[in-house]
Amino acid sequence: MEKPVIGFLGLGKMGLPMSLNLVRGGYEVHGFDVVERSREAFAREGGLVHASALEVVRAADVICASLPGPTEVTDVFEGMVAQEGREHQLVIDFSTVSPQVNHRVAEALSRKGIEYLGAPVSGGVERAVDGSLTVMVGGPKSSFERAKPLLDLIGQNVFHISEDVGAGSVVKLVNNYFIGYYTLAVAEALTLAGEMGMDLEQLFSILNVSYGQSRIYERNWKLFISQDAYEPGFTTRLLIKDLHLAKDMAAAKGLDLPMTDVLIQMYERAAEHGYADLDMAAMYRYIQDVKNAKRA
């Protein structure tokens, strides 16, 4: 069977390695990003770059997207793709949005006969590069089966959660709610341990085989804190966006989750002090700043 032509919208830190894994899997992949250096990196590795997102939509049988948030997803899919797409195209949306946005987009696309899957991912840039992401898919089973060969090139753990196109977003937002807790807990706990004179490398070795172990602790410590380098894999700004989406999801069900407000307040305060576009692990450095300012 002839392989479908793939379009990929959003060639950023996650979208670029995901799209290149599709190229390496033998697919013809057309791509666009608003950032020129992203387009250039895509082209260097065999991707077919276009001058606009619309050109990609017109070229593709399957349209993949990894976009920053709900505004971009709505503009691209409810606007351009719903107007300019064609019947029998499949959209695989890897962006992190609310389930409500997934539902609106799916409804708009269905009027044009376009299939839609909400398929957010988890694992960060390092897992996007090696194709071992977790992919959380909501949508029709038939669409999932159509997408599965592509998803297997992007993720090692691919889950079809249900026929509800928003189901993947529910799981992703719960996942990132945990991440918000864990990242701040790591920052505060390591600050406490340091104040008590602990060697933080030794502490990691101990806690990594104890109940204090977590993947976020491992990620934040090994890749960022121990290196004192915070070039972003996942920015504080994006985490704030996802925590707000989780809060809105809870509010839509009449739930009050008090710690959500505490987390959002802490991350927004860090963002105001210049941490918005650093990796979220830089909350450790921010806690150090707060500690030092109080002692000054």
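Residues numbered from 1 in each chain as written. Predicted model: local features only at pLDDT ≥ 70, side-chain atom pairs only at ≥ 80, totals over all residues. Heavy atoms only, no water.

Examining the overall build of the chain
Okay, so step 1: Secondary structure assignment for the chain yields 13 helices and nine strands.
Okay, so step 2: In terms of C-alpha radius of gyration, the chain reaches 20 Å, essentially the compact-globule figure of 19 Å for 296 residues.
Okay, so step 3: Considered along the principal axes of its C-alpha atoms, the chain spans approximately 65 × 45 × 35 Å.
Okay, so step 4: Here the analysis covers contacts within the chain between residues at least 6 apart in sequence; of these, 65% occur between residues at least 24 apart.
Okay, so step 5: In the form shown here, the chain has an accessible surface area of approximately 14,100 Å², with 54% of it arising from carbon and sulfur atoms. (Helix = DSSP H or I, 4+ residues; strand = E, 2+ residues; numbered from the N terminus. Rg over C-alpha atoms; globule rule 2.2 N^0.38 Å. Contact = heavy atoms within 4.5 Å. Areas by Shrake-Rupley, 256 points an atom, 1.4 Å probe, with all protein chains shown as cover.)

Quick word on the pairing of strand β2 (residues 29–32)
Okay, so step 1: Alternating residues of β2 divide into Val29 and Gly31 and His30 and Phe32, and every residue in both groups is buried.
Okay, so step 2: Note: strand β1 (residues 6–9) against β2, four bridges, orientation parallel. Along β2, the bridge assignment pairs Phe8 with Gly31.
Okay, so step 3: Assessed by its sense of winding, the connection that carries the chain from β1 through helix α1 (residues 15–24) to β2 is right-handed.
Okay, so step 4: Bridge count between β2 and strand β3 (residues 48–49): two bridges; the pairing is parallel. Note that in β3 the partner of His30 across the bridge is Leu48.
Okay, so step 5: Handedness of the crossover joining β2 and β3 through helix α2 (residues 36–44) is recorded here as right-handed. (Buried < 20%, exposed > 50% of the residue type's maximum accessible area, 1.4 Å probe, protein only. Pairing = 2+ DSSP bridges. Right-handed = clockwise from strand over helix to strand, strands pointing away.)

Some remarks on the UniProt feature "domain: 6-phosphogluconate dehydrogenase NADP-binding" (unreviewed entry) in the chain
Okay, so step 1: The sites that UniProt annotates as "domain: 6-phosphogluconate dehydrogenase NADP-binding" (unreviewed entry) are residues 6–161.
Okay, so step 2: Across residues 6–161, helical content stands at 47% and strand content at 24%; the span's end C-alpha atoms are separated by 24 Å. (UniProt positions renumbered as here; feature names shortened; annotations may be inferred.)

A look at the nonpolar core
Okay, so step 1: Among the nonpolar cores identified, the biggest contains 33 residues, and Leu190 and Tyr267 are the most heavily contacted of them.
Okay, so step 2: When residues of this core are assigned to their parent elements, the largest contribution, seven residues, is made by helix α8 (residues 167–195).
Okay, so step 3: Excluding residues that lie within four positions of it along the chain, Leu190 makes contacts with Leu200, Leu203, Tyr217, Trp221, Ile225 and Tyr284.
Okay, so step 4: Core analysis: the next-biggest nonpolar cluster, separate from the first, contains 31 residues, Leu16, Ile92, Leu133 and Ala147 among them. (Core = buried A, V, L, I, M, F, W, Y, C linked by side-chain atoms within 4.5 Å.)

Structural notes on a nonpolar patch on the surface
Okay, so step 1: Nonpolar side chains collect at one region of the surface, where Val170, Val174, Phe178, Tyr181, Tyr182, Met259 and Val262 lie side by side and expose about 550 Å² of accessible area between them.
Okay, so step 2: The set of elements that each furnish at least two residues to the nonpolar patch consists of α8 and α12 (258–275).
Okay, so step 3: Of the residues forming the nonpolar patch, the biggest block, five residues, is contributed by α8.
Okay, so step 4: Checked against the element boundaries, Val170 lands in helix α8. (Patch = residues over 30% accessible without salt bridge, like charges linked within 9 Å, V, L, I, M, F, W, Y side chains within 5 Å. Salt bridge = Lys/Arg side-chain N within 4 Å of Asp/Glu carboxyl O.)

A look at the domain arrangement of the chain
Okay, so step 1: According to the domain assignment, the chain consists of domain 1 (6–163) and domain 2 (170–295).
Okay, so step 2: One C-alpha centre belongs to domain 1, the other to domain 2; they are set 28 Å apart.
Okay, so step 3: With 17 residues of domain 1 at the interface, the matching set in domain 2 holds 17 residues.
Okay, so step 4: The tally of links from domain 1 across to domain 2 stands at six residue pairs in polar contact (both at pLDDT 80 or more).
Okay, so step 5: The set of elements that each furnish at least two residues to the side of domain 1 that touches domain 2 consists of α5 (99–110), β7 (121–122) and α6 (124–130). (Domains from an automatic or database assignment. Polar contact = N/O pair within 3.5 Å; in protein donor to acceptor, adjacent residues only side chain to side chain.)

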